[in-house]
Amino acid sequence: MKKEALEASGAEKKIPLIIRNAFVAHTVSHIVDWRLGKGLSSEGHDRLRKVVFRALRGEKVSMTKDVSHVYEGANLSIEVGGQEHIPPSDPTIFIANHTRGGPIDSLGQYFEMVKTGHDARSGVKDDYVREPFVIAQRGLSKGKILEYFTGMFYEFVGESFNCEIVEIPRHDKNGEIVNKQNLRPNAIHRVINGGATLWIPQGAHRDPDDLRFPEKATGFLKKVSDEDKDIQLVPVRSIPDSRGNIKIVFGPPVEISHVIERGGINYFAEKHISPLG
């Protein structure tokens, strides 16, 4: 799928005029800063408000060039290791655990993963393809009202950040996802055409040592493998300390076909993500 076709579905075509209104966008940006900006520097607060304002106005925002500067100087730090393992080009899926830690109410760690992936993928000339896109859920499952409004916000911001948005996961008592999440075929096309994605299959914050992944995720890997058996899977582990700082560790890549042959997502978590801790 060509880049032009991908970009045609951008945020500016989906955000209602009432949301793109400057006053509404300005108000929402201050609410988001109040909710997520604890511990940011004064410059960080200003940058966060500007990023949210731009997203709600329908502008394209780069996680690498724009969002990563928001948490500079924050009182919670992010340390990164293992960058040398990231392939400099070719289709890549970064698979990470989902835990709390780091600035912007834990979101900073995922922006930093994207930035690190972008910086390491130096063999990709097209910046749109070079920056890993995030597979993100549509809102927060904390009551119907919050789910509705965060759903709108995640949709708008996700489109602005070039994310692929899926339905909020519903879990059973064993942590398995039981609903369809409706990931668009476009996401797979973006990867197999030389792109990269950051995927966090657990779908909810877990204890940092809880590396059980929903078996449903193996189905996605099989679907991607049917299109390209040479895709590289890069394990990523987030490890918070007692103060809330976060360490992100990237591990050596492994071919997707190898993972499927040996059992799927939980084989990958046990043999490739867990050792990074």
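Quick summary incoming for the structure in this document. What you see is a predicted model; the values in this text were computed from it and never measured.

As a further point, take the pairing of strand 5 (residues 196-199). A two-sided burial pattern is seen for strand 5, the buried positions comprising A196 and L198 on one face and T197 and W199 on the other. By the bridge criterion, 2 bridges tie strand 3 (residues 133-137) to strand 5 in an arrangement that is parallel. What sits directly across from F133, in strand 5, is T197.

For strand 2 (residues 92-96), the tally of buried residues reaches 5 of 5 residues, placing the bulk of the element in the interior. Of the two faces of strand 2, the one holding T92, F94 and A96 and the one holding I93 and I95 are both buried throughout. Where strand 2 meets strand 5, 4 bridges bridge the pair, whose relative direction is parallel. Each bridged residue has a counterpart across the sheet, and for T92 the counterpart in strand 5 is A196. Where strand 2 lies against strand 6 (residues 232-240), 5 bridges are found, and the strand directions are parallel. Pairing of I93 across the sheet is with L233, part of strand 6.

Rules and cut-offs
- Residues numbered from 1 in each chain as written.
- Predicted model: local features only at pLDDT ≥ 70, side-chain atom pairs only at ≥ 80, totals over all residues.
- Heavy atoms only, no water.
- Buried < 20%, exposed > 50% of the residue type's maximum accessible area, 1.4 Å probe, protein only.
- Helix = DSSP H or I, 4+ residues; strand = E, 2+ residues; numbered from the N terminus.
- Pairing = 2+ DSSP bridges.

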